[in-house]
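# Results of the structural survey
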Amino acid sequence: MSGTFVGMPAFPPFPRAAHDAVRDTTLRGNLRHATHTIRDKRAKAVAELADWQQLREAGKRIKDDTLRHLDRYLVQLEESVTAAGGTVHWAADADEANRIVADLIKATGETEVVKVKSMATQEIGLNEALAAEGIHAYETDLAELIVQLGDDRPSHILVPAIHRNRGEIRDIFLEKMGSWGRPAPDGLTDTPADLAEAARLHLREKFLRAKVGISGANFMVAETGTLVVFESEGNGRMCLTLPETLISVVGIEKVVPTWQDLEVFLQTLPRSSTAERMNPYTSMWTGTADGDGPQTFHLVLLDNGRTDALADDIGRQALRCIRCSACLNVCPVYERAGGHAYGSVYPGPIGAILTPQLRGTTSGIDASLPYASSLCGACYEVCPVAIDIPEVLVHLREKVAGQGGRGHRLEKAAMKAVGWAMDRPAVMAAGERAMARTRALHPKRPPGAQAWTDSRDLPELPEAPFRDWWKKNRT
């Protein structure tokens, strides 16, 4: 899978990246405020629906059925899109997808495009690939614009600039907007209304000038060939309707069989992501129509490791994900470490199970991600499609341990020695007595246990083993 890319360059293993992140007090303050606000609002929105658990189960079943018959639904989708006037392209990995999109844009003669927020295009590094071809890609989602202007990386699925506060955003706009187009107004304040207005004025000229738009999709309906985008700002509607050519890059797992299946997700996704009863802007398009919207439509279906995940009976449930980000907002690890520590555009609990399946577990960062969790289970409780993230994390940990490595070899040897002793009561009892009698000599931080003792105290051994205490006091 040499062509598989998940949106970020080489990154240190999660523990090392998180070690630095947890010491950034500004970052932790930004994350704590944002995640607590979002999850509290979500909880209230979900509580309004008496049948939330039934909707959750329905979403799970729709996704599982689709994944079981994915080959059939993808062929049906291709036939429907083609019949509606669109063109379907298949991309095995990031390199192929980027090449297809770049060639399509070059064929139009254009050198700039406007983009709807899209995890798939971030996953394949499309902006960077287009830049190498002399094509400028402009992000139009407010948070993505902040990230792009700040030469930054997204740190949250729903709110990519969640690690920035209003003062930092104002400074980015004042310093960088002018080099990308219309500059920020003089005297710009950090009030949300002023920041939004500055972004609106900056982007409007790009919307009106661009001839090519690029999007992803939240869902694709196999029976009609309809694509669906959920967004909250209206920028997506502009990108999907004003350009002459529209190119959508979408993961193959985003297909649903029928129009009626959308009924479930139209209820669960807005409440679980932005805590809204109904999505503010839900755009749907089916191919092309004379005199209405883009006259040329291309759909690029992206694999990029998804069929590998599909082949794993336990891991495949990660492909149910509808990118609501609810799991990030309740995760104690994400709240403290932030999104950049995950080394992928998919951070948090879902990223910890999705990225290693898309990219493999041979690198340090990917092998460490399944361990970026306390296994508290909060992520599973809020997931609107009931992905058992702790189950998948443990499954992936077993895979990583099976690859070997010094730490895993030592652990395996230690478990084997303990198992041998516990099978022999006399040996176990002798060992316990020896440990109790020499307890004053034991170091507080044993060699090789630094990762544990850096943040924890080893429990003190009692004066006598439990079995000796029991014999003395209870027999």
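Along each chain, numbering runs from 1 in the same order as the chain's sequence is written. At least 70 in pLDDT is required for a residue's local features to be given in this predicted model, at least 80 for side-chain atom pairs to be given and counted, and no such filter applies to totals for whole chains, interfaces and linings, which use all residues. Side-chain descriptors were evaluated using all non-hydrogen atoms of the structure, hydrogens and water having been removed beforehand.

The name that an unreviewed UniProt entry assigns to the protein is Iron-sulfur cluster-binding protein, with the source organism given as Streptomyces violascens.

Most of strand 10 (residues 296–302) is tucked away, with six of its seven residues classed as buried. Between any two strands, at least two bridges found by DSSP are needed for them to pair. Going along the chain from the N terminus, every DSSP run of H or I of four or more residues is numbered as a helix, and every run of E of two or more is numbered as a strand. Of the strand pairs in this sheet, strand 1 (residues 87–91) and strand 10 are connected by five bridges, and their pairing is parallel. Paired with Trp-90 across the two strands is Leu-301, which belongs to strand 10. Where strand 7 (residues 245–251) lies against strand 10, seven bridges are found, and the strand directions are parallel. In the strand pairing of strand 10, Gly-251 is matched with Leu-302. Type-normalised accessible area, obtained with a 1.4 Å probe on protein chains alone, sets the label of each residue: buried when under 20%, exposed when over 50%, and partly exposed for intermediate values.

By definition, a salt bridge exists where a carboxyl oxygen of Asp or Glu is found within 4 Å of a side-chain nitrogen of Lys or Arg. Under the defined criterion, the tally for this structure stands at 22 salt bridges. Here Glu-48 ties to Arg-271 by a salt bridge, and the two come within 3.0 Å at their closest N and O atoms. With Glu-48 in the loop between helix 2 (25–47) and helix 3 (52–68) and Arg-271 in helix 12 (residues 262–273), this pair connects stretches of sequence that are 223 residues apart. What makes Arg-271 buried here is its relative accessible area of 8%. When the shortest N-O distance is used, the salt bridge between Arg-433 and Asp-468 registers 3.0 Å. On the criterion of sequence distance, the pair formed by Arg-433 in helix 21 (residues 425–437) and Asp-468 in helix 23 (residues 466–474) is long-range, its members being 35 residues apart. In this structure Arg-433 comes out as partly exposed when scored by relative accessible area, which is 26%.

Just so you know, the domain bounds were taken from an automatic or database domain assignment. The domains assigned to the protein are domain 1 (14–306) and domain 2 (424–474). The centre of domain 1, based on its C-alpha atoms, is set 55 Å off from the matching centre of domain 2.

With that out of the way, let us pick up helix 19 (residues 389–402). Residue pairs three or four apart in sequence face the same way in an α-helix, which turns once every 3.6 residues. Expected helix span is computed as 1.5 Å times (number of residues minus one). For helix 19, built from 14 residues, the straight-helix expectation of 20 Å at 1.5 Å per residue is met to within 8% by its first-to-last C-alpha distance of 20 Å. Of the residues making up helix 19, those classed as buried are Ile-389, Pro-390, Val-392, Leu-393, His-395, Leu-396, Arg-397 and Val-400. At the exit of helix 19 stands Gly-404, carrying a positive phi of roughly 90 degrees.

One can find Glu-112 in strand 2 (residues 112–115). On the basis of relative accessible area, Glu-112 is assigned to the buried category, the value being 14%. Any two residues whose heavy atoms approach within 4.5 Å are treated as being in contact. The residues touching Glu-112, leaving out its near neighbours within four places in the chain, are Ile-135, His-136, Tyr-138, Arg-209 and Val-212.

Glancing now at the sheet that holds strand 9 (residues 281–286). Pairing within the open sheet is mixed, and its four strands lie in the order 8-5-6-9. With one partner strand each, in any of the chains shown, strand 8 (255–256) and strand 9 form the two edges of the open sheet. Set on the sheet, helix 12 makes contact with strand 5 (219–221), strand 6 (226–231), strand 8 and strand 9; between it and strand 6 the angle comes to about 15 degrees. Working convention: axes come from line fits to C-alpha atoms, limited for helices to the stretch in contact. Angles between N-to-C directions cover 0 to 180 degrees.

Quick look at the UniProt feature "domain: LUD" (unreviewed entry) in the protein now. UniProt positions are given in the numbering used here, feature names are shortened, and annotations may be inferred rather than shown by experiment. Here, UniProt's "domain: LUD" (unreviewed entry) annotation points to residues 76–301. Here residues 76–301 is 42% helix and 21% strand, with 13 Å between the C-alpha atoms at its ends.

This paragraph deals with the nonpolar core. Judged by nonpolar contacts, the single largest core of 102 residues is most densely connected at Phe-14, Phe-173, Phe-219, Met-220, Leu-299 and Ile-353. Contacts of Phe-219, omitting those with residues within four sequence positions, involve Thr-226, Leu-227, Val-228, Phe-230, Lys-254, Val-256, Leu-262, Phe-265, Leu-269 and Ile-322. Judged by nonpolar contacts, the second largest core, of 21 residues, contains Ala-120, Ile-124, Ile-135 and Ile-214. Put simply, buried Ala, Val, Leu, Ile, Met, Phe, Trp, Tyr and Cys residues joined by side-chain atoms within 4.5 Å make one nonpolar core.

Moving on to the packing of helix 3 against helix 12. Each pair of packed helices can be summarised by the angle the axes make with each other and by the distance between the axes. For the pair helix 3 and helix 12, the least separation of the axes is 10 Å and the interaxial angle reads 115 degrees. With respect to helix 12, the axis of helix 3 lies roughly perpendicular. With respect to the hand of their crossing, helix 3 and helix 12 are arranged in left-handed fashion. From helix 3, Trp-52, Leu-55, Ala-58, Gly-59, Ile-62 and Lys-63 reach across to helix 12, where they touch Val-264, Phe-265, Gln-267, Thr-268, Arg-271 and Ser-272. Looking at the contact of helix 3 with helix 12 residue by residue, the class counts come to six nonpolar, four polar and two charged. Angle categories: roughly parallel below 35 degrees, roughly antiparallel above 145, roughly perpendicular from 65 to 115, and oblique for all the rest. Here a crossing is taken to be left-handed if its near helix is turned anticlockwise relative to the far helix by less than a right angle, and right-handed if that turn runs clockwise. Asp, Glu, Lys and Arg are counted as charged, while Ala, Val, Leu, Ile, Met, Phe, Trp, Tyr, Cys and Pro are counted as nonpolar; the rest, among them Gly, fall into the polar class.

To continue, consider the environment of Asp-40. Assignment of secondary structure puts Asp-40 in helix 2. Considered as a pair, Asp-40 and Arg-456 are 416 residues apart in the sequence and their alpha carbons are 31 Å apart.

Looking now at helix 12. With 12 residues, helix 12 should reach 16 Å at 1.5 Å per residue; the first-to-last C-alpha distance of 16 Å fits that figure. All of the buried residues in helix 12 are Leu-262, Val-264, Phe-265, Thr-268, Leu-269, Pro-270, Arg-271, Ser-272 and Ser-273. At the exit of helix 12 stands Ala-275, carrying a positive phi of roughly 60 degrees.

All right, on to the sheet that holds strand 4 (residues 212–215) then. Taking strand neighbours across the sheet as the criterion, the six strands line up as 1-10-7-4-2-3 in an open arrangement whose pairing is parallel. Taken across any chain shown, the strands that pair with only one partner, and hence form the sheet edges, are strand 1 and strand 3 (136–139). Between one strand axis and the next, the sheet turns through 25 degrees on average, direction left out of account. Note that strand 2 and strand 4 share two bridges and pair parallel. Each residue of the ladder has a partner; that of Val-114, found in strand 4, is Gly-213. This element, helix 5 (residues 94–108), spans strand 1, strand 2, strand 4, strand 7 and strand 10 of the sheet and lies at about 145 degrees to strand 1.

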